[in-house]
Amino acid sequence: MENQQEEGGLTVNNLLSEVTSALDKFKLDDDAGQANYYSPYANLEKAAVLQEARCFHDPSAVRESPRKCCTVIAQLLHLTNTGQYLNSAEATEVFFGVTKLFMSDDASLRRMVYLFIKDVAETCNPDDVIIVTSSLTKDMTCDVDLYRANALRVLARIIDGAMLGAIERYVKQAVVDSSGQVSSAALVSATHLFEKNAESAAIVKRWISETTEATSSPNEMVQFHAMQLLYQIKKHDRLGMQKLVTQFSQRNTLKSPLALVLLVRYTAKLLHDEVAEGRVGSTSFQNGSTFARSGYAFLEASLRHKSEMVVYEAGKAICALPNIEPQELSPAVNVMQLFLSSPKPAVRFAAIKTVSQVAVNHPRIVSKCNEDLEALIADANRSIATLAITTLLKTGSENSVDRLLKQISVFLSEIPDEYKITIVKSLQRLCFTYPSKHRVLVGFLSNFLREEGGFDFKRSIVNAIISLIKAVPETTESSLLHLCEFIEDCEFTMLSTQILHLLGELGPGTQAPARYIRFIYNRVILENSAVRAAAVAALSKFAARCPSLRTSIVTLLKRSLDDEDDETRDRASVAVSVLKGAMEEFPYVPPPQDVEPESEPVPDEPQPGDPAAFVLLQGLPMSFDRLDRSIRSYMRAPAAMESAEQLTLSTLPVVEETAEPEPSAEDADVVGGDAVLQAAVAGQKEEKKEAVDPAAAVYAIPELASLGRVFRSSAPTELSEEETEYVVRCIKHVMPEHIILQFLIQNTVEDQRLTNCTVAIEGDSECFEVAGEIAADNIKYGETANAFTVINRNTDAPLAPCNFECVLRFGVIQVDPKTGEDESEPYDEEYPLEELEITTSDFMAKVSVPDFRKAWEEVGNSNEVLEKFALQFKKQEDAVAAVIDFLGMQPCDGTGHIKPGEGGKKPHMLHLSGVFVGGRNVLARAQVAAQGDAAGVLLKIAVRSDDAEVSRMVADCIR
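In the nomenclature of an unreviewed UniProt entry, the protein corresponds to Coatomer subunit gamma from the organism Cyclotella cryptica. Within the UniProt record for the protein, the comment given under Subunit (unreviewed entry) is "Oligomeric complex that consists of at least the alpha, beta, beta', gamma, delta, epsilon and zeta subunits." Per UniProt, the comment on the protein under Sequence similarities (unreviewed entry) is "Belongs to the COPG family."

Have a look at this one:
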């Protein structure tokens, strides 16, 4: 028996060795075959392939060698898809040859013909393509389902609305055909035709009864395509969509999981619309409209469907509903919790991604999934494991932070940098949630600064620590020490300069600023020129803010006076010179040593008038970008360079802020991170286009240029619809004593030429009076010309909104559209336009201030105006946008937008700044508070400036 087992074991081993050797042999054969493999499409020449394509004209070759014809078509398709396009003549010749292949009954050749016609239809002459329509129509009505389906798909690519009407009967029959292949092809073709043009869309809309009938097909794919087409037809009809969704959700006739997924998505979209339009109660969907109740009930019922696809889509839809209550969200979270333990990685990933999104607004509900989430930390899929950790950081309690950090420390060393960055952002948000844990979290982050990692990973940690310093001031000293240790061996110049800049800003304000000097001076000795220059600047700031350190720092800075880098040497030279003068004028007097411990310590601060504090600490009143644009605007003004006026910052033109989109939480690396660093790193972003001065058209006319420099120019205001015969827009150029209205007049009538075009305005106002006009002459078809109207402003009268009635007056000359020659004498015409409004906000330039709180205190409350208004807005976000628009001022400190999910929950404080005409700085603080669903919004506003009349006029802008 033992011998038999031994022999059996030997036999198994021999068998395994034989199999292994055979696999190795096959592997070698495969490798050899790959080395000798020659692609039939390699080194194709277009001329040779076109020569081969002449076989299409030989009937005997088409019938006897269909495979050769298939190969030639494949080669033609390969040429067109690899950039060797056929010109119009070649495409037409080949196309006519391909049409003769319809005489063959070979199924493979017929499919290649369909494919070629679809691919070349856009290149050929449309008149030539129509020739093949009769053959395709014949195939569409034959008995072979494969031909019918493919013919429908090709016809949808080449026919227009007129031809669609001729074959409409056949397509409608195909929609309800018993063959699922034909029916799906007809429905997909109808979807493409609906999007092709308005004429085809109008015809497809007549097939709604056939499409509805197709939803009852036993074929699941037909149901899916039918639901897709029904949505295309009814998507702009809200009531029709509600009826469609209600009908299919109650009848329960859809058996296709794909069709049910579409129905769930349509229901979710309609529920979002219900919430946006205020038809859902503030407490739950069960208290909303009839559709809100039935729609939510359908989504909840879909959670019990047998298909995972439908269940997940329904759960995802419920989780994404706005303002949903926890009790309505619980069924969906329970389903996602079951999916977290699915054996399928795709299902686990989808579930954890949805749960992670829910945890942002409802962490308590997701916390019941914490055990399942902890199990996923060890998941083989790193995306799933990363999402599990970030979700746990959102839902974990303060007591679980230490345990989570232990798990993360092991996990972080095993994943790529892109996953690490995601976890760092989650740790940052966790520190905002539990500020008392800042020491543990900052220490954890700093440990990974010393580990291996790329620039993006280290940058995310540095920016996270900086944002924590701003949000949690208690972390300042410990965080600065961690950053100091990091720059000792930091290999990234940009991060070193950013940290040195931060040390110069925050280090002097700490309890023991001298402890940071050693770290900074080490950078002067050991680093490259860029870091040395940043270190010199940081040391200068320490000396400027801490007089007790000036003697020591000047000694250190003198060693950089012979630096090989110009920038470093110049910075050190300026700092030493300024600090020496300050030390002579304001010598430092150390506090007496016999001071009682209970007494207040003498602050180590520069005295008023200290030149070092002014030169080294005081920043420019505007950014370099604004300074550059302001100087360019000054140079564009006529005779500016010949003026004897001294050029100072106060005499430069006011330049408004450029509106830029707010970065989302996912796009921004940090909250409150270094904007300069982010802009420098984002090399893939498009460079800013040079701003075009809107007042250039005014300066080009001597009569208008003599009125002076333009204070600001408004955005174009539409005075007519874009579809009308004459399109007119207006730009308001504001000056201290004048307003120049620039009317951009476009002629859209092909057989007319406009002459002597002016815009007559009429209004009743004490502030404004029309002074003159400059006409636009000779506007041809498609051209745009400028007409100007000058308005004098009465500076003694207070500003008040004024509406002007506008009429376009012009001469018309009929012309021949083909030759452009005149066909008639000019005759006068008038065209009424929309009213033009001039408001107080037109005289306000959007200019931000570096430090709003400091500027607010400096202005004082001597000219402050306080008002309270009740605004009729349903949403707090709309009220904030309206207040900014009413005042025409620039939001500061990121207060111009309400954070997602916080609208209506608490009052929003809005900080605004601007410059009123005449160069008067204006600041405003506005509190916008929602008063409930129907009570509107309450606005409390305070306006400050150095002129009480200006403050009053700005406060009166609220309407």
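We are not done yet, so read on.
We now examine the pattern of salt bridges. One pass over the structure, following the stated rule, counts 30 salt bridges. Residue Lys-46 pairs with Glu-90 through a salt bridge whose shortest N-O separation is 3.3 Å. Of this pair, Lys-46 sits in helix H2 (residues 46–52) while Glu-90 sits in helix H5 (residues 88–99), and the two are 44 residues apart along the sequence. When salt bridges with common partners are traced through the structure, they connect Asp-145, Arg-148 and Asp-177 into a single cluster.

The subject of this paragraph is a negative patch on the surface. On the surface, Glu-718, Glu-721, Glu-722, Glu-723, Glu-762, Glu-805, Glu-834 and Glu-835 cluster together into a negatively charged patch. As for its placement among the helices and strands, Glu-805 is situated in strand S8 (residues 802–814).

There is a patch of nonpolar side chains on the surface, built from Met-221, Leu-258 and Met-309 and spanning about 240 Å² of accessible area. Along the chain, Leu-258 turns up in helix H16 (residues 257–276). Look at Leu-258 and you get partly exposed, because its relative accessible area is 32%.

This part covers the pairing of strand S16 (residues 937–945). Of all nine residues making up S16, seven are buried, and the element is well covered by its neighbours. As paired elements, strand S12 (residues 865–871) and S16 share seven bridges and run antiparallel to each other. When the sheet's bridge partners are listed, Leu-866 is paired in S16 with Ala-942.

Okay, the packing of aromatic side chains next. Summed over all chains, the structure comprises nine aromatic pairs. For the pair Tyr-726 and Phe-810, a centre-to-centre distance of 4.9 Å together with 55° between the ring planes defines the contact as tilted. Of this pair, Tyr-726 sits in strand S3 (residues 726–734) while Phe-810 sits in strand S8; the two residues are 84 residues apart in sequence, bridging distant segments of the chain. Pairing Tyr-726 with Tyr-831 gives two aromatic rings, centres 5.4 Å apart and planes at 80°, and the pair type is edge-to-face. Of this pair, Tyr-726 sits in strand S3 while Tyr-831 sits in strand S9 (residues 827–832), placing them 105 residues apart in sequence. Across the pair, exposure class does not vary: Tyr-726 and Tyr-831 are buried alike. By way of ring pairs, the aromatic residues Tyr-726, Phe-810 and Tyr-831 are connected into one cluster. When the ring centre of Phe-457 is taken as origin, the NZ or CZ atom of Lys-420, which lies over that ring, is 5.1 Å away. A cation over a ring is seen here: Arg-925 above Trp-856, with NZ or CZ 5.7 Å from the ring centre.

The next point concerns the environment of His-501. The topology assignment puts His-501 in helix H29 (residues 493–506). Between the C-alpha atom of His-501 and that of Ala-538, which follows or precedes it by 37 residues, the distance is 6.1 Å.

So, how was this worked out
- Residues numbered from 1 in each chain as written.
- Predicted model: local features only at pLDDT ≥ 70, side-chain atom pairs only at ≥ 80, totals over all residues.
- Heavy atoms only, no water.
- UniProt positions renumbered as here; feature names shortened; annotations may be inferred.
- Salt bridge = Lys/Arg side-chain N within 4 Å of Asp/Glu carboxyl O.
- Helix = DSSP H or I, 4+ residues; strand = E, 2+ residues; numbered from the N terminus.
- Patch = residues over 30% accessible without salt bridge, like charges linked within 9 Å, V, L, I, M, F, W, Y side chains within 5 Å.
- Areas by Shrake-Rupley, 256 points an atom, 1.4 Å probe, with all protein chains shown as cover.
- Lys, Arg positive; Asp, Glu negative; His and termini not counted.
- Charge placed at Lys NZ, Arg CZ, Asp CG, Glu CD.
- Buried < 20%, exposed > 50% of the residue type's maximum accessible area, 1.4 Å probe, protein only.
- Pairing = 2+ DSSP bridges.
- Phe/Tyr/Trp six-rings, centres within 6.5 Å; stacked < 30°, edge-to-face > 60°.
- Lys NZ or Arg CZ within 6 Å of the ring centre and 35° of its normal.

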